[in-house]
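Geometric and topological summary
So the chains spell out like this:
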Amino acid sequence: MVVRGKTLVQKTLFLSASHFVVRSIGFLLRLWLSRELGAQAMGLVELAQSAQMLLITPVVTGLPAAVSRLCAKAEGKEQARVVRCALLLALPVSLILAALAFFLREPLCLWLGDIKTLPALLCFLPCIPILGASCVLNGYYYGVGRPVPPALGELLEQLVRALLCVRLVYGLRGWPTSFRAAIPAAATLVGETAGLILMLLLGAQLVLFAKGTGARRPIFRELLALSLPLTGMRLVSALMQTVNATLIPARLRLFGLSAAEAMASLGVFHGMLKPILFMPSFVTCSLSMAAAPELTRRQTDGRPLCALSSGMLRAALGVGAAAVGVWLTAPLIANVFFRQAALLPLLRGSCGLIPVIAAAHVCGGIMNALGLQGASLNISLAASLLGVLAVLLLVPVVGLWGAVASLGAVQGLTLLLSLRTLRRSGCIARSR
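For clarity, every value in this text was computed on a predicted model and none was experimentally measured.

Our focus in this paragraph is the overall build of the protein. Along its length, the protein carries 19 helices and 0 strands. Burial statistics for the protein: of 432 residues in total, 54% are counted as buried. Across the protein, contacts joining residues at least 24 apart in sequence account for 82% of those joining residues at least 6 apart. Looking at the protein as shown, the accessible area adds up to about 18400 Å², and 68% of this sits on carbon and sulfur atoms.

Below, the structure is given as structure tokens:
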């Protein structure tokens, strides 16, 4: 027990350090892009990314978690069969999604509210099957307790993406805004390809080409049973995020802003404020990924779960203390880093959401590790509907603060319902 506890701490520390570097590069890149491209172009970037998240959700959410869970319980040749079956599910689905998005590209961009998102969308489509394969391999590596290959893959992807973004931004100066807004998508395609190649070279080919035979149908059934509820949950979440991204500029125009001002405000909210609020999640994400195989093994063996789950939640609240640092450094972040004075009151008014977001993130990781995807789907649906309702009602009245209130409502309801589910499942101790 002690050895496994130390191993979990070591994996969490390694993943936290790795994610800190990756997130720091991503944060600095977003900061630099916001200054170089401007708020309006960043608004287009965020609109395009909301559609991209919706397109990749079926292949990058439920299936990798299912692979990780099955590989944590399996051994040797059985793990190889799990990975192959997952790829046989992920690649056809991702190719179909990319083809559908290509043929429906113009209606999709019009639905987003701006045809200028078309270049970014087209640059991203080839990335969908690459992400599908990468996420299956990530699930395998985490399931067997080997976090180094996916961590190195993410680091390489982020480095390549950042360097290419810088090169393209300087090389495409003077180009139309729509093409400059496509730079992050093009850089993501190249970076994800490099990350996938690295993971294959680090040992995934040994699993893909390992000898072994066995019935695939039971594995397919189990993969689908585990992945579909989580995929549905993330689809709902991604769809609602896309709806919010399209609703916020429209509702801001009702508040009295021009179309350009509304798009710039969207860039401030999604491109500047939310990355700060979600920045501490690199620790909670690392903790969830490192602890998931151990939670699965304890559940399979019938061992108690409360100690580990409660410890993870306490760690999440500790990470949430970063809210104090955000409040203190808000003037520096807003006025020096982003050069957006309007960001300062938003940061100070919303930094209290950081511990809520961290705890909700860890609760979601625990539920996924224990196979509670059905409950996660219901929670996501309820919270997302509340978020859309808040945008509809509040943004025309209080402007961008309505979007902040919507984010708080989503995260708060998600945390409350998740805690209730975990208590009922015996995963965390009931309060006396």
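The next thing to look at is the nonpolar core. Counting 38 residues, the largest nonpolar core has Ile-248, Phe-269, Leu-273, Phe-338, Leu-343, Leu-347 and Leu-400 as its most contacted members. Secondary structure elements with two or more residues in this core: α1 (2-37), α11 (217-255), α12 (259-278), α15 (322-337), α16 (343-350), α17 (353-369), α18 (373-398) and α19 (400-424). Among the elements that make up this core, the one with the highest residue count is α12 (9 residues). For Leu-400, the residues in contact, after removing those within four places along its chain, are Ile-248, Leu-252, Ser-265, Val-268, Phe-269 and Leu-346. The next biggest cluster of nonpolar side chains, apart from the first, holds 23 residues, and it includes Leu-63, Cys-71, Ala-86 and Leu-89.

With respect to the helices and strands, Ser-68 occurs in helix α3 (residues 62-73). Classification of Ser-68 by relative accessible area gives buried; the value is 12%. If we ignore the near neighbours within four places in the chain, the residues touching Ser-68 are Gly-139, Tyr-142 and Gly-143.

This part is about the side chain of Glu-157. Along the chain, Glu-157 falls in helix α8 (residues 148-171). The buried charged residue Glu-157 lacks any salt bridge partner; its closest oppositely charged side chain belongs to Arg-161, at an N-O distance of 4.5 Å. For Glu-157, the contacting residues outside a window of four places in its chain are Gly-191 and Glu-192.

So, about the environment of Ala-238. With respect to the secondary-structure elements, Ala-238 resides in helix α11. Between the C-alpha atoms of Ala-238 and Thr-57, which are 181 residues apart in sequence, the distance is 7.3 Å. Aside from chain neighbours lying at most four places away, what touches Ala-238 is Met-53, Leu-54 and Thr-57.

A word on the packing of α16 against α19. Here α16 crosses α19 at 25°, and the two axes come no closer than 11 Å. When the axes of α16 and α19 are compared, the pair comes out roughly parallel. Remark: the crossing between α16 and α19 carries right-handed chirality. Listed contacts from α19 to Pro-345, Leu-346, Gly-349 and Ser-350 of α16 are Leu-400, Trp-401 and Val-404.

Before going further, it helps to spend a moment on the confidence of the model for the protein. For the protein, per-residue confidence averages 79 on the pLDDT scale, and residues scoring 70 or more make up 83% of the total. Every residue in residues 1-6 scores below 50 in pLDDT, and together they form 5 contacts with partners more than four places removed in sequence or on other chains.

Here we take up the packing of aromatic side chains. If you walk through the whole model with that rule in mind, you get 4 aromatic pairs. Centroid distance Trp-32 to Tyr-170: 5.5 Å. Interplanar angle 70°. Geometry classified as edge-to-face. Placement of the pair is Trp-32 in helix α1 and Tyr-170 in helix α8, with a sequence separation of 138 residues. By relative accessible area, which is 43% here, Tyr-170 ends up partly exposed. With centroids separated by 5.2 Å and ring planes inclined at 50°, the aromatic side chains of Tyr-140 and Tyr-141 adopt a geometry described as tilted. Under the relative-accessibility criterion, Tyr-141 is labelled buried at 0%. Here Arg-105 stacks its cationic end above the ring of Phe-102, 4.3 Å away from the centre of that ring. The side chain of Arg-348 reaches across the aromatic face of Trp-327, ending 4.1 Å from its centre.

Let us now look at α12. Relative to the 28 Å expected for 20 residues at 1.5 Å per residue, α12 spans 27 Å between its end C-alpha atoms, a close match to the ideal helical length. When you tally the buried positions in α12, you get 15 out of 20 residues, the bulk of the element.

At a closest axis distance of 11 Å, the pairing of α12 and α19 adopts a crossing angle of 35°. The hand of the α12/α19 crossing is right-handed. Packed against α12, whose contacting residues are Ser-265, Val-268, Phe-269, Leu-273, Lys-274, Leu-277 and Phe-278, the element α19 presents Leu-400, Ala-403, Val-404, Leu-407 and Gln-411 at the interface. Class assignment of the residues belonging to the contact of α12 with α19 gives a composition of 9 nonpolar, 2 polar and 1 charged.

Where nonpolar side chains cluster on the molecular surface, the patch consists of Leu-386, Leu-389, Leu-393, Leu-394, Val-397, Val-398 and Trp-401 and spans about 620 Å² of accessible area. The dominant element in the nonpolar patch, judged by the number of residues it contributes, is α18, at 6 residues. Residue placement: Leu-393 occurs in helix α18.

Our focus in this paragraph is the environment of Thr-61. Here Thr-61 is to be found in the loop between α2 (39-60) and α3. Distance in space between the C-alpha atoms of Thr-61 and Leu-235 is 9.0 Å, their sequence separation being 174 residues.

Basis of the calculations
Residues numbered from 1 in each chain as written. Predicted model: local features only at pLDDT ≥ 70, side-chain atom pairs only at ≥ 80, totals over all residues. Heavy atoms only, no water. Helix = DSSP H or I, 4+ residues; strand = E, 2+ residues; numbered from the N terminus. Buried < 20%, exposed > 50% of the residue type's maximum accessible area, 1.4 Å probe, protein only. Contact = heavy atoms within 4.5 Å. Areas by Shrake-Rupley, 256 points an atom, 1.4 Å probe, with all protein chains shown as cover. Core = buried A, V, L, I, M, F, W, Y, C linked by side-chain atoms within 4.5 Å. Lys, Arg positive; Asp, Glu negative; His and termini not counted. Salt bridge = Lys/Arg side-chain N within 4 Å of Asp/Glu carboxyl O. Axes fitted to C-alpha atoms, helices over the stretch in contact; angles between N-to-C directions. Parallel < 35°, antiparallel > 145°, perpendicular 65-115°, else oblique. Left-handed = near helix turned anticlockwise from the far one by under 90°. pLDDT = per-residue confidence, 0-100. Phe/Tyr/Trp six-rings, centres within 6.5 Å; stacked < 30°, edge-to-face > 60°. Lys NZ or Arg CZ within 6 Å of the ring centre and 35° of its normal. Expected span 1.5 Å × (residues − 1). Nonpolar A, V, L, I, M, F, W, Y, C, P; charged D, E, K, R; others polar. Patch = residues over 30% accessible without salt bridge, like charges linked within 9 Å, V, L, I, M, F, W, Y side chains within 5 Å.

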